[in-house]
Amino acid sequence: MKRQRVIELLTCTPPGTQIKAAGWVRTRRSSKGGFTFIELNDGSSLHNVQVMAFDNLPNYSDEINHLYPGASIAVTGRLVESEGSGQSVEIKADCIRVLGHADPLNYPLGKQRINFETLREVPHLRARTNSFGAVARVRSLLAHEIHRFFHERKFLLVHTPIITGNDCEGAGAMFQVTTLDPLAPAAPDSGTRNYADDFFGRRAALTVSGQLEGETYACALGDIYTFGPTFRAENSNTRRHLSEFWMVEPEMAFADLNDDADLAQDFLRYLFDAVLQQCSADLEFFDKRIEPGLIAKLEHLVEQEFTRITYSDAIALLAKSERDFDFPVSWGMDLQSEHERHLTEEIFKGAVIVTDYPAQIKAFYMRRNTNERTVAAMDVLLPKVGEIVGGSQREERLDYLLEAMRNNNVDPDNYTQYLDLRRFGSVPHAGFGLGFERFVQFCTGMSNIRDVIPFPRTPRRL
Ligand code: 4AD
Ligand code: MG
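The structure contained in this document is the topic of the report that follows. (Residues numbered from 1 in each chain as written. Chains lettered and ligands numbered in written order. Predicted model: local features only at pLDDT ≥ 70, side-chain atom pairs only at ≥ 80, totals over all residues. Heavy atoms only, no water.)

A separate point is the overall build of the protein chain. Looking only at helices and strands, one finds twelve helices and 15 strands in the protein chain. By principal-axis analysis of the C-alpha atoms, the protein chain measures approximately 85 × 60 × 45 Å. The burial tally for the protein chain puts 51% of its 462 residues in the buried class. Counted over contacts in the protein chain with a minimum sequence separation of 6, partners at least 24 positions apart contribute 66%. As presented, the protein chain carries roughly 22,800 Å² of accessible surface, and 50% of it is formed by carbon and sulfur atoms. (Helix = DSSP H or I, 4+ residues; strand = E, 2+ residues; numbered from the N terminus. Buried < 20%, exposed > 50% of the residue type's maximum accessible area, 1.4 Å probe, protein only. Contact = heavy atoms within 4.5 Å. Areas by Shrake-Rupley, 256 points an atom, 1.4 Å probe, with all protein chains shown as cover.)

Our next topic: helix 3 (residues 130-152). Here helix 3 spans 33 Å end to end across 23 residues, near enough to the 33 Å set by a 1.5 Å rise per residue. In the stretch just after helix 3, K154 is the one whose phi turns positive, near 60 degrees. (Expected span 1.5 Å × (residues − 1).)

This brings us to the pairing of strand 1 (residues 18-31). The pairing of strand 1 with strand 4 (residues 72-81) spans seven bridges and is antiparallel. Its bridge partner being in strand 4, A21 is matched across the sheet by V75. Of the pairings in the sheet, the one linking strand 1 to strand 2 (residues 35-41) comprises seven bridges and is antiparallel in character. Bridged to V25 within strand 2 is L40. (Pairing = 2+ DSSP bridges.)

We now examine the site of ligand 1. Lining the immediate surroundings of ligand 1 are 25 residues, of which E169, Q211, E249, E387 and I388 lie closest. Residue E169 places a side-chain N or O atom 2.7 Å away from a nitrogen atom belonging to ligand 1. L242 is positioned with one of its backbone polar atoms (N or O) 2.9 Å from a nitrogen atom of ligand 1. If you list the elements that add at least two residues to the shell around ligand 1, you get strand 10 (244-253), strand 14 (386-393) and strand 15 (429-435). A total of five residues in the shell around ligand 1 trace back to one element, the largest contributor, which is strand 14. Broken down by class, the residue content of the shell around ligand 1 amounts to nine nonpolar, eight polar and eight charged. (Near = heavy atom within 4 Å. Polar contact = N/O pair within 3.5 Å; in protein donor to acceptor, adjacent residues only side chain to side chain. Nonpolar A, V, L, I, M, F, W, Y, C, P; charged D, E, K, R; others polar.)

Contact pair helix 10 (residues 398-407) / helix 11 (residues 416-423): the axes reach a minimum separation of 9 Å and the direction vectors enclose 155 degrees. Taken as axis vectors, helix 10 and helix 11 run roughly antiparallel relative to one another. Facing L398, L401, L402 and M405 of helix 10, the residues of helix 11 in contact are Y418, L419, R422 and R423. Residues belonging to the contact of helix 10 with helix 11 are distributed by class as follows: six nonpolar, no polar and two charged. (Axes fitted to C-alpha atoms, helices over the stretch in contact; angles between N-to-C directions. Parallel < 35°, antiparallel > 145°, perpendicular 65-115°, else oblique.)

Moving on to the sheet that holds strand 13 (residues 374-382). Read across the open sheet, the eight strands follow the order 6-9-10-15-14-13-12-11; overall the sheet is mixed. The outermost strands of the open sheet, each flanked by one partner alone, are strand 6 (156-157) and strand 11 (307-310). As paired elements, strand 12 (residues 352-358) and strand 13 share six bridges and run antiparallel to each other. When the bridges of strand 13 are listed, P358 appears paired with T374.

Here is the structure:
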């Protein structure tokens, strides 16, 4: 008999059917009357299926009565309408095969509730909890819907490299990739080690963004996107920074900043709608346990036009507000998380797209505006998580790009391919990057980004 998933048993298998199920025991209650209730979860749903076992089963007293949370079992039996409250169907077991016992003294996920911080110590087991199971299902659904969105709009998926020689954001926050032995002494008279001896013969690192390679494909094929892991060696210990995170980066040829902002809005609303439609049980759980009002928040965003405001206007509004910010507001500063939250949560009560930031706080590749002080950048800000998307129209004019490189201490010799795009058939183009974990955070209400990626990497933690 083929195993059925718990979600199927609970939602579409007719009572009376002979079935097989398998999963992990959440709880067992044995009663003196000669029967036992087991709450069984297999990860397909937030909900467990209840298994009822009577003492006429041959392994009742020596195995079934010694099942503890975390044990794995396979059950065959009949799905029946449940007489108890709280579930509509349950399994009346004909046979329970114990696949693996779990020692109640050592299993870290006993019956009591454990906080998220403690669960971070057991990343290999935490997916068995309600919260992490729900996060994993939402994360998976969102990843699929991201591909679906771009596929429907005929964007090509481009796999950009993970090992690269460029520093897209120019922030120097890169993890170096080397095969040189850090413990081996340098050659006697060379003084320092030379990249010429290294694997690639030059300095290499893990990518901070697939954008620059993405641009080369957009400038041949039109609309593309990449979705992959990115790495930042910044020493940020916050609720919204990871050293390894996933980014979705579309890039469109023949597009300007407005087109870019339109795409970001359509994209985010599409994903909010998808998660509402397809993850309702998990969202109800998050709404009840993690962030009250979560569903209403997402529903509101599906309908809402995102507010668009220039950086200069945003600064003026923040300066006028009564709030006493830790970082005083002045033109030219980067927006801090407290400013982003004030804009989204207090002033506009929703998503905000801030455009046209000062050139000096943005990367070299963003297109200079005619006023010369600002660039055609845009950040999408959401309540609570703040910046979720960073993007821009790209500088397509060779002379401006070279000047921006000079101003940002970027060596043009390392970017000859990128500059060639401006030498041969240059076109206006634009794109953005969505931080996937920040987005999962927003959709689940989870307050720490370390709890929305299976194995978080952060400073001093691997
Ligand atoms: O704003 P960022 O740095 O933009 C870029 O990397 C551009 N090259 C993207 C592009 O235009 N193609 O990063 C984009 C997004 C941020 O808005 C944020 O959501 C997320 O990536 N992000 C992080 N998420 C988790 N941990 C970190 N350390 C992050 N740094 C950025
Ligand atoms: Mg940014």
